[in-house]
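A look at the structure
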Amino acid sequence: GFIVQLPLPKHIDEQAVIHAVDYRKDVDGFHPINVGLLSLGEPCLVPATPKGVIELLKHYNISTEGKHVVVLGRSNIVGKPIAQLFLQKGAQGNATVTICHSRTKDIASICRQADIVVAAIGIPLFVKKEMVKEGAIVIDVGINRGADGKLHGDVNFAEAGEKAGYITPVPGGVGPMTRAMLMLNTVEAAARQSGKTL
Ligand code: NAD
């Protein structure tokens, strides 16, 4: 398997490098063929962080069917693929998805409507108590190094945790899932290339 550790230095064309990876070994799922297959709901290598979020929900038997999922962030790495996964058919899909980004107006009121909030914007402690509905599930993808030298998520864990039904910590929540899914994708890619299915 290949991963391209992004971001690349400015003088290197990121897309050219991603396109050069054999899509069958693209264990980060960033190649256009995998992106296309994901949007069609066909078997593919799914980006590791979004896949890890889905696995977390599956592990805790949390169905997203009919739920309102609000995704904060529209990056190709997290926001867009996680939204695609929640739209797919299945126990961790079938959701109604809203994607918020830097140009979205009144994010707080949209967040308050969410049964599930996925924060992936890269702004420390952005999601506060008043943005979370009582009992909502809060998944914090953000990893930000604060001025205090410590790691902070995009969610104020102490505040939002008072209202959330479930909440993921940073560090120790989505991050380790990403690494595990990268390994799983590598095994899946190898199996597929040798004509086996897991
Ligand atoms: P990115 O910078 O590519 O995208 C950030 C997104 O947030 C953009 O779509 C932007 O529109 C949106 N945004 C920025 N400011 C906003 C605002 N004020 N209000 C609403 N939306 C705003 O980032 P990324 O690569 O998607 O990563 C997001 C965060 O997740 C970062 O903290 C990153 O370190 C972390 N991350 C964690 C993992 C993991 O394994 N846990 C994996 C990838 C990224």
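Note: the structure precedes this text.
Below, the structure is looked at part by part.

Rules of the game
Every chain is numbered independently, its residues counted from 1 as its sequence is written. Where local features are concerned, this predicted model is filtered to residues with pLDDT of at least 70; where side-chain atom pairs are given and counted, the filter is 80 or more; whole-chain, interface and lining totals use all residues. Side-chain measures here rest on the full set of heavy atoms in the structure, leaving out hydrogens and waters. Put simply, a residue is near a molecule or strand once any heavy atom of it comes within 4 Å of that molecule or strand. Here a polar contact means two N or O atoms within 3.5 Å. Within protein one must be a hydrogen donor candidate and the other an acceptor candidate, and residues neighboring in sequence count only if both atoms are side-chain atoms. The method behind every accessible area is Shrake-Rupley, applied with a 1.4 Å probe, and residues are considered shielded solely by the protein chains displayed. Where helices and strands are cited, they refer to DSSP runs of H or I of at least four residues and of E of at least two residues respectively, numbered from the N terminus. Relative accessibility thresholds used throughout: buried, under 20% of the residue-type maximum; exposed, over 50%; partly exposed, between the two (1.4 Å probe, protein chains only). When DSSP finds two or more bridges between a pair of strands, those strands are recorded as paired. Think of it like this: strands point away, you trace from the first strand over the helix to the second, and a clockwise trace means the crossover is right-handed. Classification of ring pairs uses Phe, Tyr and Trp, with its six-membered ring standing for Trp, and accepts pairs whose centres are within 6.5 Å; under 30 degrees between planes counts as stacked, over 60 as edge-to-face, and the remaining range as tilted. Two conditions define a charge located above a ring, namely a distance within 6 Å from the ring centre to NZ of Lys or CZ of Arg, and an angle within 35 degrees of the ring normal.

**Considerations on the site of the ligand**
For the ligand, the set of nearby residues contains 20 residues, the closest of which are Arg74, Ser75, Val141, Asn144 and Thr178. Between the ligand and Val141 there is a distance of 3.2 Å, counted from a nitrogen atom to a backbone nitrogen or oxygen. Relative to its unbound accessible surface of 860 Å², the ligand loses 71% to contact with the protein. By residue number, the principal contributor to the shell around the ligand is helix H7 (residues 174-193), which donates three residues.

**Digging into the pairing of strand E1 (residues 68-72)**
The buried fraction of E1 is high, at five of five residues. Where burial is concerned, the two faces of E1 agree: the one with His68, Val70 and Leu72 and the one with Val69 and Val71 are both buried. With five bridges connecting them, E1 and strand E2 (residues 96-100) associate as parallel partners. When the sheet's bridge partners are listed, Leu72 is paired in E2 with Cys100. Following the backbone out of E1, through helix H4 (residues 79-87) and into the adjacent parallel E2, one traces a crossover that is right-handed.

**Here's the deal with unusual backbone geometry**
Of note, the bond from Leu6 into Pro7 is cis; its omega dihedral lies within 30 degrees of zero at -5°. With respect to the secondary-structure elements, Pro7 resides in the segment before helix H1 (14-20). A cis amide bond, omega -5°, links Val170 with the succeeding residue Pro171. Note on placement: Pro171 falls in the loop between strand E7 (166-167) and H7. With a phi close to 55°, Asn94 is a non-glycine residue in the positive phi region. Counting through the fold element by element, Asn94 comes out in the loop between H4 and E2. Located in the positive-phi region is Leu125, a residue other than glycine, with phi close to 60°. With respect to the helices, strands and loops of the structure, Leu125 is situated in the loop between strand E3 (116-119) and strand E4 (137-140). Owing to a relative accessible area of 33%, Leu125 belongs among the partly exposed residues under this scheme.

**Some details on the packing of aromatic side chains**
In total, this model carries one aromatic pair according to the counting rule given. Arranged with centres 5.9 Å apart and planes meeting at 50°, the rings of Tyr60 and Tyr166 form a pair that is tilted. Remark: Tyr166 occurs in strand E7 and Tyr60 occurs in the loop between helix H3 (48-59) and E1; sequence separation between them is 106 residues. Tyr166 gets classed as partly exposed once you look at its relative accessible area, which sits at 42%. It is Lys128 that lies over the ring of Phe126; its NZ or CZ is 6.0 Å from the centre.

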